[in-house]
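Letter by letter, the chains look like this.
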Amino acid sequence: MQFSDLGLERRLMTTVEHLGFTEPTEIQQQAIPAAMQGHDLIASSKTGSGKTLAFIIPALQRVVKNRALSKRDPRVVILTPTRELAKQVFSQLRLFTANTQFKAVLILGGENFNDQVKVLEKEPHFIVATPGRLADHLTQGHFYLNGLELLILDEADRMLDLGFAKQLSQINKAADHRKRQTLLFSATLDHAQVNDFAKELLKKPKRIAIGGAFTEHKDINKRFYLSDNLDHKEALLQHFLTAEKYQQAIIFTATRSDTERLAGILTKQEFNAVALSGELNQSQRNQIMESFSKGQHKILVTTDLASRGLDLVNVSLVINFDMPKHTEEFIHRIGRTGRAGSQGDAIAFVGPKDWLSFKNVEGLLEQTISFEQVDSLKAKFKGLKPKKIKAKSTSSKAKSRVKEQPIKVKKATKKVFHAAQDVGDMPIIKRKKPLSAQQLEDSDLNEAD
Ligand code: AMP
């Protein structure tokens, strides 16, 4: 199938040609025609598979081809879990709105509220937003959604994991036109809350699952290395950053403080590294992402803040300095490389504190992973033994009943959370009480907005 077979409006087709795309990706081949026929969709596909255009193109087609349902209300709202992802979606959307009369705006947490009120007063046609801030504006009556034609939820699973169910429901209820269409994208469709939510939001949706979001990504070469402790991990890191060939690299750590510390160490070692953490204010975060995507830095050290959705084409190496706390983040982290058909390397260090997380990743990938080693930096750590059940009685009869029990590793398609568990070589600062929506927007503990 070619883009020219999809019957796209002339201006859209011009933009697609301008981008140099001729063939739609698999998710685009399925999602674009179904969405253009007016169906609600619930779709999953691999990270880096062209998902963004799978919803931007039908959104533009609808707006360009159909009369607005209301003169003043936004026509399309796109919600994403993080500010960085929202910005990226917005920049792709702008490529398509640029040669039309339609206005698109970006509404993010952490940015000036009153400036956003002014922007909303100008009655934009498209809004790309993070859900907490958009819900706040809705509550305060800065815009209405009764004429909304298309509601798009990108990475709905992540938005729900971050506790935005209330805001999403509020936005859904406010967008009450009977002709409203909804497209829901999620890394996985096997997520109970996503499915419950889909029942609330979608009308007779078409289900599209391309190859499973968690299937092997053939363009990413994954390698795992055992490590003893923090010093050993740092030595391994220095080794790989020197020995590997890469254009740009992203290093993922378990904690915010680690990002700064590691970037500092790397800078002293004369690597061109920069840290991105949620402790920075939004304009500092923007600046860092911009300079990294322009290639002004070779290495970005971050937490899961940058694990999702970001399309950084020159990243050919991802290093999991610490394994992720939430198992499925592993897929998103390594998906920062191997984008749109290019090759990438993903290296992971597995120390004693990463072990459970590693076993969960092994379960998620449905494969037994073997470790590689660097000859000059061999680890003494060989992995943890499965837990033994403690014998309550010391009688020999009782002892003989005590058998080794394997650590339970949940299956790939199930969500695996062990929120209170520390991973990596630094403790994770635990949250004492649930954060409010605004706190969620301003924090990166959850890496979200
Ligand atoms: P996404 O999954 O939306 O983040 O897209 C991943 C990358 O694929 C981005 O760099 C897109 O510009 C690129 N891309 C999207 N659609 C196509 C296509 N049909 N052909 C080639 N590359 C594409």
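Structure first, text after, so check above.
Description of the structure in this document. (Residues numbered from 1 in each chain as written. Predicted model: local features only at pLDDT ≥ 70, side-chain atom pairs only at ≥ 80, totals over all residues.)

## Considerations on the overall build of the chain
Here's step 1: Helix and strand content of the chain: 16 helices and 13 strands.
Here's step 2: Here the chain holds 449 residues, and 48% of them are scored as buried.
Here's step 3: Relative to all contacts within the chain whose residues are 6 or more apart in sequence, the contacts with residues 24 or more apart total 77%. (Helix = DSSP H or I, 4+ residues; strand = E, 2+ residues; numbered from the N terminus. Buried ≥ 20, exposed ≤ 12 C-beta atoms within 10 Å, placed from the backbone. Contact = placed C-beta atoms within 7 Å.)

## A look at the packing of helix α6 (residues 131-139) against helix α8 (residues 165-174)
Here's step 1: For the pair α6 and α8, the least separation of the axes is 9 Å and the interaxial angle reads 45°. When the interaxial angle is binned, α6 and α8 end up oblique. Crossing of α6 against α8: the hand is left-handed. Facing α6, whose interface residues are Pro-131, Gly-132, Leu-134, Ala-135 and Leu-138, α8 presents Gln-167, Leu-168, Gln-170, Ile-171 and Ala-174.
Here's step 2: Of the residues belonging to the contact of α6 with α8, the class tally is seven nonpolar, three polar and no charged. (Axes fitted to C-alpha atoms, helices over the stretch in contact; angles between N-to-C directions. Parallel < 35°, antiparallel > 145°, perpendicular 65-115°, else oblique. Left-handed = near helix turned anticlockwise from the far one by under 90°. Nonpolar A, V, L, I, M, F, W, Y, C, P; charged D, E, K, R; others polar.)

## Description of the environment of Ala-86
Here's step 1: Structurally, the position occupied by Ala-86 is in helix α4 (residues 83-97).
Here's step 2: Judged by the 25 C-beta atoms lying within 10 Å of it, Ala-86 is buried.
Here's step 3: With 21 residues separating them along the chain, Ala-86 and Ile-107 place their C-alpha atoms 8.7 Å apart.
Here's step 4: Apart from the residues within four sequence positions on either side, Ala-86 is in contact with Thr-80, Leu-106, Leu-108, Val-128, Ala-129 and Thr-130.

## Topic: the sheet that holds strand β7 (residues 206-209)
Here's step 1: Taking strand neighbours across the sheet as the criterion, the seven strands line up as β3-β4-β2-β5-β6-β1-β7 in an open arrangement whose pairing is parallel. This sheet does not close on itself; its edge strands, each paired only once, are β3 (104-107) and β7. Neighbour to neighbour, the strand axes of the sheet diverge by 15° on average, direction disregarded.
Here's step 2: Of the pairings in the sheet, the one linking strand β2 (residues 76-79) to strand β4 (residues 126-129) comprises four bridges and is parallel in character. Of the residues in β4, the one forming a bridge with Leu-79 is Ala-129. (Pairing = 2+ DSSP bridges.)

## Here's the deal with the nonpolar core
Here's step 1: Ranked by internal contacts, the top residues of the largest apolar core, which has 66 residues, are Ala-31, Val-77, Val-128, Ala-129, Ile-152 and Leu-184.
Here's step 2: Per element, the largest residue contribution to this core is eight residues, and it comes from helix α3 (residues 51-65).
Here's step 3: When near neighbours in sequence (up to four residues on either side) are disregarded, Ile-152 contacts Phe-55, Ala-59, Val-76, Val-77, Ile-78 and Leu-183.
Here's step 4: In terms of nonpolar packing, the next biggest core, distinct from the first, is built from 43 residues, Leu-237, Ala-249, Leu-262 and Val-274 among them. (Core = buried A, V, L, I, M, F, W, Y, C linked by C-beta atoms within 7 Å.)

## Considerations on α4
Here's step 1: Relative to the 21 Å expected for 15 residues at 1.5 Å per residue, α4 spans 20 Å between its end C-alpha atoms, a close match to the ideal helical length.
Here's step 2: Buried within α4 we find Arg-83, Glu-84, Leu-85, Ala-86, Gln-88, Val-89, Phe-90, Leu-93, Phe-96 and Thr-97.
Here's step 3: Tucked inside the fold, the buried residues of α4 contact α1 (10-19), α3, β2, β3, β4 and α12 (282-293). (Expected span 1.5 Å × (residues − 1).)

## Regarding α12
Here's step 1: Between the first and last C-alpha of α12 there are 16 Å, a value that for twelve residues agrees with the 16 Å anticipated at 1.5 Å per step.
Here's step 2: Every buried residue of α12 is accounted for by Arg-285, Ile-288, Met-289 and Phe-292. All buried residues of α12 fall inside an arc of 95° around its axis, so they share one side. Among the exposed residues of α12, those oriented more than 90 degrees off its buried face are Ser-283 and Glu-290.
Here's step 3: Backbone geometry just downstream of α12 places Gly-295 in the positive-phi region, at approximately 85°. (Arc of directions from axis to C-beta.)

## Some words on the sheet that holds strand β11 (residues 299-302)
Here's step 1: Across the sheet, six strands lie side by side as β8-β13-β12-β9-β11-β10; this open sheet has parallel pairing. Strand pairing shows two members of the sheet lacking a second neighbour, β8 (220-226) and β10 (273-276), which therefore form its edges. Ignoring strand direction, the axes of neighbouring strands in this sheet form an average angle of 20°.
Here's step 2: Pairing analysis gives four bridges linking β10 to β11, with the strands arranged parallel.

## Some thoughts on the pairing of strand β13 (residues 344-350)
Here's step 1: Most of β13 sits out of view: seven of its seven residues are buried.
Here's step 2: Note that β8 and β13 share seven bridges and pair parallel. For Phe-224, the partnering residue across the bridge sits in β13 and is Ala-348.
Here's step 3: Note that strand β12 (residues 315-320) and β13 share four bridges and pair parallel.

## Quick notes on unusual backbone geometry
Here's step 1: Positive phi is not limited to glycine here, since Glu-155 has a value of about 55°.
Here's step 2: Relative to the assigned elements, Glu-155 resides in the loop between β5 (150-153) and α7 (156-161).
Here's step 3: Judged by the 24 C-beta atoms lying within 10 Å of it, Glu-155 falls in the buried class.
Here's step 4: In the Ramachandran plot, Glu-270 falls in the positive-phi region, its phi being about 70° despite a non-glycine side chain.
Here's step 5: You can see Glu-270 is positioned in the loop between α11 (256-268) and β10.
Here's step 6: We classify Glu-270 as exposed; it has 7 C-beta atoms within 10 Å.

## Looking at the packing of helix α2 (residues 26-36) against α3
Here's step 1: Their axes nearest at 9 Å, the elements α2 and α3 cross at an angle of 25°. The orientation of α2 with respect to α3, classified from their angle, is roughly parallel. Remark: the crossing between α2 and α3 carries right-handed chirality. Together, Ile-27, Gln-28, Ala-31, Ile-32, Ala-35 and Met-36 of α2 and Lys-51, Leu-53, Ala-54, Phe-55, Ile-57, Pro-58 and Gln-61 of α3 make up the contact between the two elements.
Here's step 2: Partitioned by chemical class, the residues of the contact of α2 with α3 number ten nonpolar, two polar and one charged.

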